[in-house]
2 protein chains.
Amino acid sequence: MKLEFKVKKEDKETKARLGEIIYNGKIYETPMFMPVGTEATVKTLSPEEVKEAKSGIILSNTYHLWLRPGEEVINHAGGLHKFMNYDGPILTDSGGFQVFSLAKPKDISEEGVKFKNHLNGDHLFLTPEKSIEIQNKLDSDIAMSFDECPPASASYDYLKASIERTLRWAKRGKEAHNNPNQMLFGIVQGGPHEDLRKFSALETVKIGFDGYSIGGVANDHESKEDMYKAFDYSTTYLPKEKLRYAMGIGEPIDIIEGVIRGVDLFDCVSPTRLARHGHALTKLGKLNIKNSQYKEDFTPLSKECDCYTCKNYSKAYIRHLINAKETFGARLLSIHNIRFLIHLTEELREAIKEETLLNYKEEFIKNYYGEPNEK
Amino acid sequence: MKLEFKVKKEDKETKARLGEIIYNGKIYETPMFMPVGTEATVKTLSPEEVKEAKSGIILSNTYHLWLRPGEEVINHAGGLHKFMNYDGPILTDSGGFQVFSLAKPKDISEEGVKFKNHLNGDHLFLTPEKSIEIQNKLDSDIAMSFDECPPASASYDYLKASIERTLRWAKRGKEAHNNPNQMLFGIVQGGPHEDLRKFSALETVKIGFDGYSIGGVANDHESKEDMYKAFDYSTTYLPKEKLRYAMGIGEPIDIIEGVIRGVDLFDCVSPTRLARHGHALTKLGKLNIKNSQYKEDFTPLSKECDCYTCKNYSKAYIRHLINAKETFGARLLSIHNIRFLIHLTEELREAIKEETLLNYKEEFIKNYYGEPNEK
């Protein structure tokens, strides 16, 4: 039961599209925000809570699951869905991003990447074939090709050579892929350079994948301008009928700008990470629940929000839990923050239907960034 | 709507009793195990999860809530029930135990106890009146008198003088009590000494309370023998028609021995604390989920258990979560451990009904301690 995707409507003013994912008899609409469950759990949440937030696809990390508990354990459990008790679609990344960011490899060769396990220092070797083999065993619904993730500071020449190698790796991964129920995505790189993004996109499409990811956009060192250009330069050369996924993007404005540029899928750890630090996403910007102004604020995080947290708990209670380092506080904020981003994509879909997307963006920015609640 | 209590049946072979608590139109049976929500949250759990485990009364800590967020905040929220979103009965302790264990006071006088706030070192003063005033404001359903909690090593003479002061404090607390919806319990002390327990029980009953607690039994330095004697010596002199509560008791065998000696209520942080350390309670003893034998064990913690965790997750998954320090792991184990102790009390109630309590105890011990799963 491989996932299917259909574009239902294209926006007239922008490159935005409305789509449908059909999975296991259920329909999930795009654009979509995908919560991240790094270790086969969306931090602090149960699968039921993830679904109650109206999640569709969730993401899990190949690198982490390879190291712990190991892909064999999950395979023997009957795959990731059974292991973690989630019956919605699951996307896995290739492990590439973590190898390059967490493990800091010394040795990148044509064959693959040698690096140290960040948990215990063991020497490990990840190749395009190995990444696909692990993902096949995890039995996720969407797998990613193994790509090099060069730093934002990489030179034009380095990027060009890196893209060429990533293309060779993409071919090897596609050949190694052996799970008929699993989609395989190619990844477009190229930094902020139009010609490199174009080259990467066209060549990746030539190999032929079930969908396409836009990599190298979540890097802190990049400007927003560059990020949005990278969206644009990539989607322009991608086939309309296939899913497009901007990796690691979760800032509300970046999701909006991505949607406008024709991106369908987004993921980020930000809603759960912000939650652990006591931050709540609201239409009026981020609020820091630890601020003393909320000590006796018995209203919900947001009056319009339909999440479990906002229906049952006050800012004062959540503030108390976060101050007392009670994990139920991070859980309540995670539920809310995930629901906030998913609700944002619901509104974006509505705006595409109503052909009011650019107005929606303007209104959102005015509320969210206009009078910043805090810096 | 003050809580009501009725004894429904007395065991013939033992001092055990079956009782009913009527609260807010609902009936809760005793003997009962009460989960602890120190900071106005049962660690890692939602109120719905606490109720799904068939909890009745839950406990919260006056000392912690007084220091953070402060009883005024909770009072302004409309009381503890509204603040934490729990509509079942709530019991608060007096703060005495924490003042004597966490804060380690230097100065115990007739007036009260001077000690340092364990969070910030501030000098604080807790008196019997203040403890009751805080509990009145928290608006719990059962409040405790403020008592001195002498160490297990205290001499007979110290204990005797301490009991006399605790009796004077109990009177002052009763006079200060000003919440018609709240029960107030007196506390029996006296260590392992029959005459002191008898004196403490009879004199506390003379003052007259809605129920009686047995204090000084959860101390690590005491032998099990002494604990069970203390249950016995105390309940012998307590009125049959009133609730009896053994403070801080949560080891399965201690609950069973307490029930046999006529105790109705038990509480302990153990199910959630054990969970955080990766331990699960089962009929065959405690299991340490981190053990490598569970790496590919795809069966539930217990096949007979009806909890959410056992219905949906494997030992292998929970082991992975605990190893990865994911809070969902502690949550799954907390759900199971709380349900285990509540289920134990359900079986004890059934055994009282069937008049098979001593057989039940024997059987339980054989399974739980007979072939220890681990040391």
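Cut-off values and rules
- Residues numbered from 1 in each chain as written.
- Chains lettered and ligands numbered in written order.
- Predicted model: local features only at pLDDT ≥ 70, side-chain atom pairs only at ≥ 80, totals over all residues.
- Pairing = 2+ DSSP bridges.
- Helix = DSSP H or I, 4+ residues; strand = E, 2+ residues; numbered from the N terminus.
- Axes fitted to C-alpha atoms, helices over the stretch in contact; angles between N-to-C directions.
- Contact = placed C-beta atoms within 7 Å.
- Nonpolar A, V, L, I, M, F, W, Y, C, P; charged D, E, K, R; others polar.
- Expected span 1.5 Å × (residues − 1).
- Buried ≥ 20, exposed ≤ 12 C-beta atoms within 10 Å, placed from the backbone.
- Arc of directions from axis to C-beta.
- Parallel < 35°, antiparallel > 145°, perpendicular 65-115°, else oblique.
- Left-handed = near helix turned anticlockwise from the far one by under 90°.
- pLDDT = per-residue confidence, 0-100.
- Domains from an automatic or database assignment.

A. Examining the pairing of strand β15 (residues 279–282) of chain A more closely. Residue and element names in this part refer to chain A. In this sheet, strand β16 (residues 285–288) lies alongside β15 in antiparallel orientation, the contact comprising four bridges. Within β16, the position partnered with Ala-280 by the bridge is Leu-287. Between β15 and the antiparallel strand that follows it, β16, lie two residues.

B. Representation of the sheet that holds strand β1 (residues 4–10) of chain B in the model. Residues and elements named next belong to chain B. Reading across the sheet, the three strands line up as β1-β2-β3 and stay open at both edges, with antiparallel pairing between neighbours. The sheet terminates laterally at β1 and β3 (26–30), the two strands that pair on one side only. Here the strands of the sheet are splayed against their neighbours by 25° on average, with no regard to which way each runs. Examined bridge by bridge, β1 and strand β2 (residues 17–23) share six bridges and lie antiparallel to one another. Within β2, the position partnered with Glu-10 by the bridge is Arg-17.

C. Region of the structure containing the interface of chain B and chain A. Contact with chain B, which involves 30 residues of that partner, is made by 30 residues of chain A. Looking at the side of chain B that touches chain A, the elements that each hand over two or more residues are α3 (71–76), α4 (80–84), α13 (315–323) and α14 (327–354) of chain B. When residues of the side of chain B that touches chain A are assigned to their parent elements, the largest contribution, five residues, is made by α13 of chain B. Across the side of chain B that touches chain A, the residue classes break down as 14 nonpolar, 10 polar and six charged.

D. Local environment of helix α8 (residues 194–207) of chain B. Residue and element names in this part refer to chain B. With 14 residues, α8 ought to run about 20 Å at 1.5 Å a step, and its terminal C-alpha atoms sit 20 Å apart, in line with that. Listed as buried for α8 are Leu-196, Arg-197, Ser-200, Ala-201 and Thr-204. Down the axis of α8, the smallest arc covering the buried residues is 125°, so these residues share one side. Exposed and facing more than 90 degrees away from the buried side of α8 are Asp-195, Leu-202 and Lys-206. Where α8 is buried, its residues contact α7 (156–176), β11 (183–188), β12 (211–214) and α9 (224–235). Backbone geometry just after α8 places Gly-208 at a positive phi near 95°.

E. Structural detail: the packing of helix α10 (residues 252–260) of chain B against α14 of chain B. All names here are of chain B. Viewed as axis vectors pointing N to C, α10 and α14 meet at an angle of 30°, and their least axial separation amounts to 11 Å. On the basis of the axis angle, α10 is roughly parallel to α14. Viewed along their axes, α10 and α14 form a crossing whose handedness is right-handed. In this structure, α10 uses Pro-252, Ile-255, Ile-256 and Val-259 to contact α14, whose residues at the interface are Leu-344, Thr-345 and Leu-348. Residues that form the contact of α10 with α14 fall into these classes: six nonpolar, one polar and no charged.

F. Inspection of the confidence of the model for chain A at higher detail. The predicted model of chain A has a mean per-residue pLDDT of 95, with 98% of residues at 70 or higher. Per the prediction output, this complex has pTM 0.97; the corresponding ipTM is 0.96.

G. Highlighting the sheet that holds strand β2 (residues 17–23) of chain A. Residue and element names in this part refer to chain A. Taken in spatial order, the three strands of this open sheet run β1-β2-β3, and their pairing is antiparallel. On the outer flanks of this sheet lie β1 (4–10) and β3 (26–30), each paired with one strand and no other. Strand after strand, the sheet turns through a mean of 25° between neighbouring axes, direction not considered. Taken strand by strand, helix α14 (residues 327–354) contacts β1, β2 and β3, and its axis lies near 125° from that of β2.

H. Molecular detail of the packing of helix α7 (residues 156–176) of chain A against helix α8 (residues 194–207) of chain A. All names here are of chain A. For the pair α7 and α8, interaxial distance at closest approach is 10 Å and the crossing angle is 15°. If you check the angle between α7 and α8, you find them roughly parallel. In this structure, α7 crosses over α8, and the sense of that crossing is right-handed. Contact residues: α7 offers Leu-159, Lys-160, Ile-163, Leu-167, Ala-170, Lys-171 and Lys-174, while α8 offers Leu-196, Phe-199, Ser-200, Glu-203, Thr-204 and Ile-207. The residue inventory of the contact of α7 with α8, partitioned by class, reads seven nonpolar, two polar and four charged.

I. Main features of the domain arrangement of chain A. Residues and elements named next belong to chain A. Domain annotation for chain A reports domain 1 (4–30 + 61–268) and domain 2 (277–369). Taken over C-alpha atoms, the centre of domain 1 sits 28 Å from the centre of domain 2. Contacts between the two partners involve 15 residues from domain 1 and, on the opposite side, 14 residues from domain 2. Of all the elements, helix α10 (residues 252–260) adds the most residues to the side of domain 1 that touches domain 2, at six residues. In terms of residue class, the side of domain 1 that touches domain 2 is made up of eight nonpolar, two polar and five charged.

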